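Report on the structure
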Amino acid sequence: MLYDAGCPLCTHVRDWLARRPQLVPLEFVPAGSPAAQARFPGLDHRTTLDEITVVGGGGQVYRGAAAWIVTLWALRDHRRVAHRLSTPSGMRFAKGAVLAAAKWRGAATARGGRVHRSGEGWTYDPRDGWHYTPPGCGSDACAAP
């Protein structure tokens with residue numbers, strides 16, 4: 001699991017996960033670090049700082065809500081929850097939880113003026129909140145007339 005070592009929420013969640021009994025061993029690697037780049041050379045490491053990313057033992061890459069679900073699936077006491085979240089209605093809930101965490105994370109970093117970007121077109125700017133730009137649209141390329 002790649003996590004943002006500079007984010008208090010991310011490190012708190014990492015510590016919580018590390019204390020849980022695991023059915024599948026979890027390894028935590030700081031996103032964007034030299035260790036992450038050496039271990040996963042094919043990843044877009046800038047994106048891993050913006051969106052939770054989990055790499056499976058077979059090289060599978062999970063991002064966003066799917067990454068949270070597969071991480072919970074690895075935990076002995078949370079596998080049933082992971083199965084529920086993998087349903088269509090559960091996935092909507094998981095995506096909402098990931099967006100809420102990202103919003104909190106963005107607000108927590110507002111003092112530094114950092115803008116949170118996700119790979120799905122969502123951008124959180126601490127000055128004025130969330131914005132959506134469909135993939136393939138430039139700043140004003142897809143603006144409504």
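Below is a summary of the structure that appears in this document. (Residues numbered from 1 in each chain as written. Predicted model: local features only at pLDDT ≥ 70, side-chain atom pairs only at ≥ 80, totals over all residues. Heavy atoms only, no water.)

Details of the overall build of the chain
When you go through the chain residue by residue, the secondary structure sums to 6 helices and 7 strands. Reading the chain from its N end, one meets helices and strands in the order β-α-β-α-α-β-β-α-α-α-β-β-β. Within the chain, the fraction of its 145 residues that count as buried is 33%. The contacts of the chain with a sequence gap of at least 6 include a subset with a gap of at least 24, amounting to 43%. (Helix = DSSP H or I, 4+ residues; strand = E, 2+ residues; numbered from the N terminus. Buried < 20%, exposed > 50% of the residue type's maximum accessible area, 1.4 Å probe, protein only. Contact = heavy atoms within 4.5 Å.)

Overview of helix α1 (residues 8–19)
Its 12 residues place the ends of α1 17 Å apart at the C-alpha level, agreeing with the 16 Å of an ideal helix rising 1.5 Å per residue. Taken together, the buried positions of α1 are occupied by C10, T11, V13 and L17. Viewed along the axis of α1, the buried residues span an arc of 160 degrees, placing them on a single side of the element. Residues of α1 that are exposed and point more than 90 degrees away from the buried face comprise P8 and R19. (Expected span 1.5 Å × (residues − 1). Arc of directions from axis to C-beta.)

With respect to the packing of aromatic side chains
Centre distance and the angle of the planes are the two values used to describe a pair of aromatic rings. The full count for this structure, using the stated rule, is 0 aromatic pairs. If you follow R79 out to its NZ or CZ, it ends over the ring of W73, 3.6 Å from the centre. (Phe/Tyr/Trp six-rings, centres within 6.5 Å; stacked < 30°, edge-to-face > 60°. Lys NZ or Arg CZ within 6 Å of the ring centre and 35° of its normal.)

Re the side chain of H45
By the element assignment, H45 lies in helix α3 (residues 45–50). A polar contact of 2.8 Å, which involves the side chain of H45, links it to the backbone oxygen of F40. Among all residues touching H45, those that are not within four sequence positions of it are G32, A36, Q37 and F40. (Polar contact = N/O pair within 3.5 Å; in protein donor to acceptor, adjacent residues only side chain to side chain.)

Topic: the pattern of salt bridges
Where side chains of opposite charge bring their charged atoms close, a pairing between them can arise. Applying the stated criterion across every chain yields a total of 3 salt bridges. With a closest N to O distance of 2.7 Å, D15 and R14 form a salt bridge. Overall, D15 belongs to the partly exposed group, its relative accessible area being 34%. (Salt bridge = Lys/Arg side-chain N within 4 Å of Asp/Glu carboxyl O.)

Quick notes on the environment of G57
Residue position: G57 is located in the loop between β3 (53–55) and β4 (61–63). Separated by 33 residues in sequence, G57 and V24 have C-alpha atoms that sit 9.7 Å apart.

Comments concerning helix α4 (residues 64–73)
Counting buried residues along α4, 7 of its 10 residues qualify, which places the element largely inside the surrounding structure. When α4 is considered as a whole, its buried residues turn out to be G64, A65, A67, I69, V70, T71 and L72.

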